[in-house]
Amino acid sequence: MEISAPAHNLLDAEVGPDLPSVLQPLPVPRAIPPYHFETPTKRISSPDDIRRFHFSAAGLHFLGFVAALSHSVRGRKISDPVPPFSQTLTFLLSLLQTLTSWIDEIPPLPHPARYGNPAYRSWHARLSAEAPAFLCPILTSDELLPAKDELLPYLLDSFGNAFRIDYGTGHETNFAAFLYCLARLSLIREEDYPALVTRVFVAYLELMRRLQTTYSLEPAGSHGVWGLDDYHFLPFILGSAQLIDHKYMKPKSIHNQDILDNFSHEYMYLACVAFVKKVKKGVFAEHSPMLDDISAVPTWSKVNSGMLKMYKAEVLEKVPIMQHFLFGSLIKWYHFCLSFVI
Amino acid sequence: MEILVEESNVQRVDAPVTVRYPDRITLIRGNHESRQITQVYGFYDECLRKYGSVNVWRYCTDIFDFLSLSALIENKIFSVHGGLSPAITTLDQIRTIDRKQEVPHDGAMCDLLWSDPEDVVDGWADDITNKLVVELEKIRYGLSLVQPHLDSERCGNVAAILELDENLNKQFRVFDAAPHEARGVPSKKPAPDYFL
């Protein structure tokens, strides 16, 4: 029987009356053999299930992983040197580059509607067909090979939905879950985190932007002007961490077009704002009021901690998103949990 | 609410409808006039952020339940937000629907609000339905003239109105967004509580 630890003894003591405490990085618990891999399945269908997830070890550690990735790139530019790539990182980069190259081989079809170019389905079908072969080189031992069946669904759901031709923060969360599973298997280690963010995740973002624009992916579950962004959330967390303690760039600097033009290639947050300004028409304050309001926050540190809290509340605690989240042996579902204070 | 309760599922409308006759404006329900969809696409968040509670949202979605499902203009033009349904072959069938509920996930009421016109129409062979199909085809042809202008947000901010005169002649009016100078700057709100 698994007993999950309660939330409060692991989190920062700084708790307000209504707001969650500051979310802390956590080390990923290593999965040790003998492994019992399984094809992951959906488990969440109600707010009670959401609570169960967030009070479980899986929920705490997944969020702790995201916070750890954020922490690993504090004050770090995209081009800052990183240690030589591990084998896993090399394979992940190669995978993302290959997926990107397919876009040139599968051009969009003539299509009258605003969203949803059907050529995306061909791109996605190719992903489904070739992904198993991509995973094999990452799984470096006989013991790890069966992990393929558990990892594949997370990877396949990281790039959007082929039937609806859409993409949203749920798919992005699946990619994070995929990386989390690799970390649980010790295929990604903490020393890899900076490169994982500044090389692998940045390549993932570039791939997604190309897919979004080439195939007109519909924003899945976008809250329109009442959400942060039509497609993404993680680059705002990771990107704000990059800018913490920057000597002269403040949150309000996103309104400076010169800064966006010259530093988007180094800072994910700026690249996100630049992309939004490129694809949307009209005044920034009108089409992206959330980002505009957040630009008034005094420091990047506050933006970063706010983004983590907002990610937990607006993505990981929403049934329409989390009902698609998959649970297996690496991200474990607990049928019940006992909370107790140590 | 009292006014909407009295309306039929197929609301009769006389042409022309203009703002000179404000008591003759008819609203019909669309697929976004629902509790589920307004929680996904932002109306719920907007109400919560603007008014501090969900009561306004709740009252609005309660009223949506009473909106009529369709309109019949001069007994000749059938107007609906979505499209047709395999479960419906006559207008009388629409009239028998109990509409005072959240938009269901399937069935006639759902289809009327959700289904999209297709290029190939097969199956529902029936005089009246064929007439509806023919009218839909004509309106779609008209829409195809405006379609390039309607790819809003990414290509521009435009709206369109189909205007009918006393003789049911159709004309599309396309509106661009008001220029920035006329719109005014939206007031800056404080960042959400997460960032305090």
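Analysis parameters
Residues numbered from 1 in each chain as written. Chains lettered and ligands numbered in written order. Predicted model: local features only at pLDDT ≥ 70, side-chain atom pairs only at ≥ 80, totals over all residues. Heavy atoms only, no water. UniProt positions renumbered as here; feature names shortened; annotations may be inferred. Disulfide = S-S within 2.5 Å. Buried < 20%, exposed > 50% of the residue type's maximum accessible area, 1.4 Å probe, protein only. Core = buried A, V, L, I, M, F, W, Y, C linked by side-chain atoms within 4.5 Å. Helix = DSSP H or I, 4+ residues; strand = E, 2+ residues; numbered from the N terminus. Contact = heavy atoms within 4.5 Å. Phe/Tyr/Trp six-rings, centres within 6.5 Å; stacked < 30°, edge-to-face > 60°. Lys NZ or Arg CZ within 6 Å of the ring centre and 35° of its normal. pLDDT = per-residue confidence, 0-100.

Going by what an unreviewed UniProt entry lists, chain B is known as Serine/threonine-protein phosphatase and is assigned to Cocos nucifera. Checking UniProt for chain B, the heading Catalytic activity (unreviewed entry) contains the comment "O-phospho-L-threonyl-[protein] + H2O = L-threonyl-[protein] + phosphate". The Sequence similarities (unreviewed entry) field of the UniProt record for chain B holds the comment "Belongs to the PPP phosphatase family. PP-2A subfamily."

As named in an unreviewed UniProt entry, chain A is Serine/threonine-protein phosphatase 2A activator, taken from Cocos nucifera. UniProt lists a comment for chain A under the heading Catalytic activity (unreviewed entry), and it reads "[protein]-peptidylproline (omega=180) = [protein]-peptidylproline (omega=0)". Looking at the Function (unreviewed entry) heading of the UniProt record, one finds this comment for chain A: "PPIases accelerate the folding of proteins. It catalyzes the cis-trans isomerization of proline imidic peptide bonds in oligopeptides."

## Brief notes about the state of the cysteines
Taken as a whole, this structure holds zero disulfides over all chains when the rule is applied. Residue C136(A) stays outside any disulfide, its sulfur separated by 17 Å from that of C181(A), the closest cysteine. The class for C136(A) is partly exposed, based on a relative accessible area of 32%. C47(B) takes part in no disulfide bond, and the closest cysteine sulfur, belonging to C60(B), lies 5.6 Å away.

## Considering the nonpolar core
By size, the foremost hydrophobic cluster in this structure holds 119 residues, and its most contacted members are W123(A), L151(A), F159(A), F178(A), Y269(A), M307(A) and Y311(A). At 13 residues, helix α7 (residues 193-214) of chain A tops the list of elements feeding residues into this core. If near-sequence neighbours (up to four positions away) are discounted, F159(A) is found in contact with L96(A), L99(A), Y120(A), W123(A), L127(A), Y167(A), Y204(A), L207(A), M208(A), L211(A) and L217(A). Core analysis: the next-biggest nonpolar cluster, separate from the first, contains 14 residues, L69(B), F78(B), L91(B) and L112(B) among them.

## Here we look at the packing of aromatic side chains
Residues and elements named next belong to chain A. Within the structure shown, the criterion is met by 24 aromatic pairs over all chains. Both rings, one in W123 and one in F159, keep their centres 5.9 Å apart while their planes meet at 70°; by these two values the pair is edge-to-face. In this pair, W123 is assigned in helix α4 (residues 119-135) and F159 in the loop between α5 (147-156) and β2 (166-167), connecting sequence segments 36 residues apart. Considered together, W123 and F159 belong to a single accessibility category, that of buried residues. Ring-pair connections join several aromatic residues into one group, and the members of that group are W102, Y120, W123, F134, F159, F175, F178, F201, Y204 and Y215. Above the ring of F284, the side-chain terminus of K277 is found at 5.3 Å from the ring centroid.

## Here we look at the confidence of the model for chain B
All names here are of chain B. Per-residue confidence for chain B averages 74 on the pLDDT scale, and 63% of its residues sit at or above 70. Ranking the elements of chain B by mean pLDDT puts helix α7 (residues 127-150) last with 48 and helix α4 (residues 55-64) first with 94. Confidence over residues 141-155 falls short of pLDDT 50; this stretch has 29 contacts with residues more than four positions distant or in other chains. Model confidence for the complex: the whole-complex pTM is 0.75, and ipTM, which rates the interface, is 0.77.

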